[in-house]
Amino acid sequence: MDELTPHDPLLTPLHLRKDLVASGWTDRAVSRAVARGDLAKVRWGAYVSRASYDALDEAGRNGLRARAVVAQGGTDLVVSHASAVPFWGAPAWGLDLTDVHVTRPDRKAGRREAGVQQHRGKLLPGDTATRGGLVVSSPTRLGLEMTTTGRAEAALCVVNDLLHRGLTTREALETRYRALGEDITEPMDHWPGTLTANIVLRLCDPRLESVGESRLLYLCWANGLPMPVPQYEVRDRWGRLVARVDFAWPDLGVFMEFDGKVKYTKLLRPGESVTDAVLREKKREQEVCEATGWRPVRVDWPDLERGPATARRIGAVLSPPPLSA
């Protein structure tokens, strides 16, 4: 992945209180700058320009706090877990961004303070990388870290994104995971979230292209549905490619598409509106049905929030009632 650009709001200049005071600022002047909207307070004793702060989402602001924690720390720290997610451009859906997460390379117990979690996991060669001048967890390490701090569904979204963009591989994840079990000072079974890691490593797939697709695959697994084939190429009887659908159950004659606003934005052609893209997508669905005789299922964001009900709807399509005599 390309290095972060200096103009990325995540890398906006960080102003520490001690540096501002050394350059002639008073605490009252800093407070006035915050009140005017010139500066934004990242955490105690750390500020950035308000414009840069406002340009970031919650994950990016967590990354800013992580930069401040490292700058204010009295020891070497690696930005890790959810705090490393924005430095790799991975999705933050479902992540708890309340605290800053850092890992101490010296493996010593760090003091606990409000808003900061210090981890002591053993760092092996390849576990860290430099992003924007900051040492952060590598994509492989990050993928495993995400299985220790949150829900499997959220961790799967991060891991699939890293896999899809080629920042890590399933083999690399599995190799690093086995290394945890071989390290007698940090046995794999003592890592929190081991069960979650097993689930994520079982389900992860580089073919999944979005958070919506990752969540939909997880929904199928969590509700005991047959697992679909992602990014399935549908061909007609002459072998010509008709379409590539998000998911398919070829043996059951069903295909499934995830509908998200981002999807239709990505499908836009020059001069097209979103409506044009939606109509073209509907025509594509009809062509798939005509070429295969398969039954379609469409799922959108609200459907993902109704997991059991959506699973029942999908299951009904996968197992239609028999035709009456």
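Further up the page is the structure itself.
Residues numbered from 1 in each chain as written. Predicted model: local features only at pLDDT ≥ 70, side-chain atom pairs only at ≥ 80, totals over all residues. Heavy atoms only, no water.

Enquirer: Would you mind showing me how to read the sheet that holds strand 12 (residues 295-300) here?
Expert: Adjacent strands of a sheet pair through backbone hydrogen bonds, lying either parallel or antiparallel. With respect to topology, four strands assemble into an open sheet ordered 9-10-11-12, the strand pairing being mixed. The open sheet has two edge strands with one neighbour each: strand 9 (229-235) and strand 12. When strand polarity is set aside, the average angle formed by the axes of neighbouring strands in this sheet is 50°. (Pairing = 2+ DSSP bridges. Helix = DSSP H or I, 4+ residues; strand = E, 2+ residues; numbered from the N terminus. Axes fitted to C-alpha atoms, helices over the stretch in contact; angles between N-to-C directions.)

Enquirer: Just checking my understanding: could you explain the pattern of salt bridges for this structure?
Expert: Side chains that differ in sign of charge can pair as their charged atoms come close. Following the criterion strictly, the structure yields 22 salt bridges and no others. Across the pair Asp205 and Arg207 runs a salt bridge, and its minimum N-O distance is 2.7 Å. Relative accessible area serves as the criterion here: at 40%, Arg207 is assigned to the partly exposed category. Arg244 is the partner of Glu209 in a salt bridge, and the nearest nitrogen-oxygen pair spans 2.9 Å. A residue pair is termed long-range when its members are at least 10 positions apart, and Glu209 in the loop between helix 8 (194-203) and helix 9 (211-222) and Arg244 in strand 10 (residues 241-249) qualify at 35 residues. Assessed through its relative accessible area of 30%, Glu209 is described here as partly exposed. (Salt bridge = Lys/Arg side-chain N within 4 Å of Asp/Glu carboxyl O. Buried < 20%, exposed > 50% of the residue type's maximum accessible area, 1.4 Å probe, protein only.)

Enquirer: Any chance you could explain unusual backbone geometry here in plain terms?
Expert: Trans peptide bonds make up most of the peptide bonds, and negative phi angles are found at most residues other than glycine. Not every positive phi belongs to a glycine, and His81 is a case in point at roughly 50°. The residue His81 is located in the loop between strand 4 (78-79) and strand 5 (100-103) in this model. Relative accessible area serves as the criterion here: at 5%, His81 is assigned to the buried category. With phi around 50°, Gln231 is a residue other than glycine that occupies positive phi space. Here Gln231 shows up in strand 9.

Enquirer: Is there a simple way to think about the sheet that holds strand 2 (residues 39-43) in this case?
Expert: Strand order in the open sheet formed by three strands is 1-3-2, and the pairing between neighbours is antiparallel. Since the sheet does not close on itself, it has two edges, and those belong to strand 1 (15-16) and strand 2, each with one partner. In the sheet, strand 1 pairs with strand 3 (residues 46-49) via two bridges, with the strands oriented antiparallel. Across the sheet, residue His15 finds its bridge partner in strand 3, namely Tyr47. Taken strand by strand, helix 4 (residues 58-72) contacts strand 1, strand 2 and strand 3, and its axis lies near 70° from that of strand 2. (Contact = heavy atoms within 4.5 Å.)

Enquirer: When you look at the packing of helix 6 (residues 152-164) against helix 9 in this model, what are you seeing that I'm missing?
Expert: The geometry of helix 6 relative to helix 9 is characterised by a closest axis approach of 9 Å and an angle of 135° between their N-to-C directions. Comparing the axis directions of helix 6 and helix 9 gives the class oblique. Our pair here, helix 6 against helix 9, has a crossing hand that is right-handed. Across the interface between the two elements, Ala152, Glu153, Leu156, Cys157 and Asn160 from helix 6 touch Val211, Ser214, Arg215 and Tyr218 from helix 9. (Parallel < 35°, antiparallel > 145°, perpendicular 65-115°, else oblique. Left-handed = near helix turned anticlockwise from the far one by under 90°.)

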